Amino acid sequence: MARTDYLKPVKELEFDFVDPDCPVTICKGKIMSEVENHRLFISLVYKNMSKKLIDRMSVQLWLYDNDKANLPYTKLPLEYDLNDPPQGFYTAMEKYTEHIAQPGNKFGREYYFKVPESYFVRMAVVITRIHFTDGEEYLGSPNAQTLPFNKMDTDFDEFEKKAYQRINIYSKLEKKHPGKVVPMAGEHFWVCCCGEKNHTDSDKCAVCSRERQWQMENLSKEAVSAHAQVLREEKSADVAFLAKLQSRKNAVSTLEQKEIDKRRREIEEAQQNVLRQQKAADARKKWAIILVFIWIIACIVVIAFSRA
């Protein structure tokens, strides 16, 4: 164990999955480093999703030195005795006095466990045993099937993201508590779209206050996909309408071009007629001058002969 005032954060841990059969879910965690000697510690926060009180819990931390490794190179036991929590652990903001984990409450944040300084690239948290105050126990399995979250930013396509924005009645909460995952529910829990894992008896999210029933009815994968399909059809109809409109514009443009070509030909023909008429007028004027000249010459000749 180590005092948290001597520790500095190294990495925040997120757990975007749930075990539907386990009465405890893992919310978050962090890896800390001692300021003086740089030893590493881990702290994990859990939430009691059952309707019973929890006083002890056993966890194994599996560490892997390879992303593709199937087997961990070590399994660290983490023991939580809530009847005898560690003393003297505090942060600058608040003190924790956890004892019995009440239904719906979070616990474990004041427990710091040393982790190997050897390199590890991946870890798994396996809850092996949960002891309730009534004497009953839950035994976990390392082969338990977990349910991963469907994340909106990666699992939603363009239309599903737009559909979420259109049907979301909690848009004012998006800045502080943005929608991250598709809501889901199990025997002991339900997950809000903000990512918070809530107790099954809670009607509203403990973090953002979004209503459970509305989310399950309107933000499920099926509901969002149905709204997205409407958007796809609307876009297809818009594309078809725009194509038809463009086709009409093209047809109108073709008719207009034909009319323009016809008018240009008429103008050119009119100009040619004017030129021909001008040339004919010039020719007539030229012959008129020639005839006048010949007439004058003839008159001079006649006068000359008459005097002789």
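Model, not experiment: these values are computed from the prediction.

Caption draft 1: How the structure looks around the overall build of the chain. When helices and strands are tallied, the chain shows 4 helices and 14 strands. Within the chain, the proportion of its 308 residues that are buried is 34%. Contacts in the chain between residues at least 24 apart in sequence constitute 65% of all its contacts with a sequence separation of at least 6. Only carbon and sulfur atoms are counted for the fraction: they give 55% of the accessible area of the chain, which is about 19,900 Å².

Caption draft 2: Up close: the nonpolar core. Core analysis: the biggest nonpolar cluster contains 30 residues, and Val 24, Leu 44, Tyr 46, Met 57, Tyr 80, Ile 127 and Ile 130 have the highest contact counts within it. Residue assignment for this core shows that the elements contributing at least two residues are strand S3 (24-34), strand S4 (40-48), strand S5 (54-64), strand S6 (74-81), strand S8 (113-115) and strand S9 (122-132). Of all the elements, S5 adds the most residues to this core, at 5 residues. Apart from residues no more than four positions distant in its own chain, Met 57 is found in contact with Val 24, Tyr 46, Leu 78, Glu 79, Tyr 80, Phe 107, Ile 127, Arg 129 and Ile 130. Ranked by size, the runner-up nonpolar core spans 19 residues in total, among them Ala 163, Trp 190, Val 224 and Ala 228.

Caption draft 3: The side chain of Ser 43, seen in detail. Within the secondary structure, Ser 43 sits in strand S4. Residue Ser 43 is classed as buried on the basis of its relative accessible area, which comes to 3%. A polar contact is formed between the side chain of Ser 43 and the backbone oxygen of Arg 109, at a distance of 3.0 Å. With residues up to four places along the chain from it excluded, the contact list for Ser 43 reads Lys 28, Gly 29, Lys 30, Gly 108, Arg 109, Tyr 111 and Tyr 112.

Caption draft 4: A look at the sheet that holds strand S10 (residues 137-139). Taken together, the 4 strands give an open sheet; going across it, the order is S6-S5-S9-S10, and neighbouring strands pair in antiparallel fashion. The sheet terminates laterally at S6 and S10, the two strands that pair on one side only. On average, each strand axis in the sheet is tilted by 20° relative to the strand beside it, whichever way the strands run. When S9 meets S10, the two strands line up antiparallel, connected through 3 bridges. When the sheet's bridge partners are listed, His 131 is paired in S10 with Glu 137.

Caption draft 5: Seen up close, the sheet that holds strand S12 (residues 184-185). Ordered by their spatial adjacency, 3 strands build an open sheet running S12-S13-S14, and the pairing between neighbours is antiparallel. Each edge of the open sheet carries a strand with a single partner, namely S12 and strand S14 (197-199). Bridge count between strand S13 (residues 189-191) and S14: 3 bridges; the pairing is antiparallel. The residue of S14 that forms the bridge with Phe 189 is His 199.

Caption draft 6: Here's a closer look at the packing of aromatic side chains. Scanning the entire structure with this criterion turns up 7 aromatic pairs. Measuring from ring centre to ring centre gives 5.6 Å for Tyr 46 and Phe 107, while their planes differ by 25°; the resulting arrangement is stacked. Here Tyr 46, found in strand S4, pairs with Phe 107, found in strand S7 (residues 106-107); they are 61 residues apart in sequence, far enough to count as distant. Comparing Tyr 46 with Phe 107 shows no difference in burial state: the two are buried. Between the aromatic rings of Tyr 111 and Phe 113, the centroid separation amounts to 6.4 Å while the plane-to-plane angle is 15°, which identifies the pairing as stacked. Under the relative-accessibility criterion, Phe 113 is labelled buried at 11%. Clustering of aromatic rings is evident, with ring pairs tying together Tyr 46, Tyr 80, Phe 107, Tyr 111 and Phe 113. The ring centre of Tyr 64 lies 4.0 Å from the NZ or CZ of Arg 122, which sits over that ring.

Caption draft 7: Highlighting the environment of Glu 110. Its location among the elements puts Glu 110 in the loop between S7 and S8. What makes Glu 110 buried here is its relative accessible area of 2%. Here the alpha-carbon distance between Glu 110 and Ser 43, two residues 67 residues apart in the chain, equals 7.2 Å.

Caption draft 8: View of a nonpolar patch on the surface. A surface patch of nonpolar side chains, about 1,300 Å² in accessible area, is lined by Trp 287, Ile 290, Leu 291, Val 292, Phe 293, Ile 294, Trp 295, Ile 296, Ile 297, Ile 300, Val 301 and Phe 305. What makes Trp 287 exposed here is its relative accessible area of 56%.

Parameters at a glance
Residues numbered from 1 in each chain as written. Predicted model: local features only at pLDDT ≥ 70, side-chain atom pairs only at ≥ 80, totals over all residues. Heavy atoms only, no water. Helix = DSSP H or I, 4+ residues; strand = E, 2+ residues; numbered from the N terminus. Buried < 20%, exposed > 50% of the residue type's maximum accessible area, 1.4 Å probe, protein only. Contact = heavy atoms within 4.5 Å. Areas by Shrake-Rupley, 256 points an atom, 1.4 Å probe, with all protein chains shown as cover. Core = buried A, V, L, I, M, F, W, Y, C linked by side-chain atoms within 4.5 Å. Polar contact = N/O pair within 3.5 Å; in protein donor to acceptor, adjacent residues only side chain to side chain. Pairing = 2+ DSSP bridges. Axes fitted to C-alpha atoms, helices over the stretch in contact; angles between N-to-C directions. Phe/Tyr/Trp six-rings, centres within 6.5 Å; stacked < 30°, edge-to-face > 60°. Lys NZ or Arg CZ within 6 Å of the ring centre and 35° of its normal. Patch = residues over 30% accessible without salt bridge, like charges linked within 9 Å, V, L, I, M, F, W, Y side chains within 5 Å. Salt bridge = Lys/Arg side-chain N within 4 Å of Asp/Glu carboxyl O.

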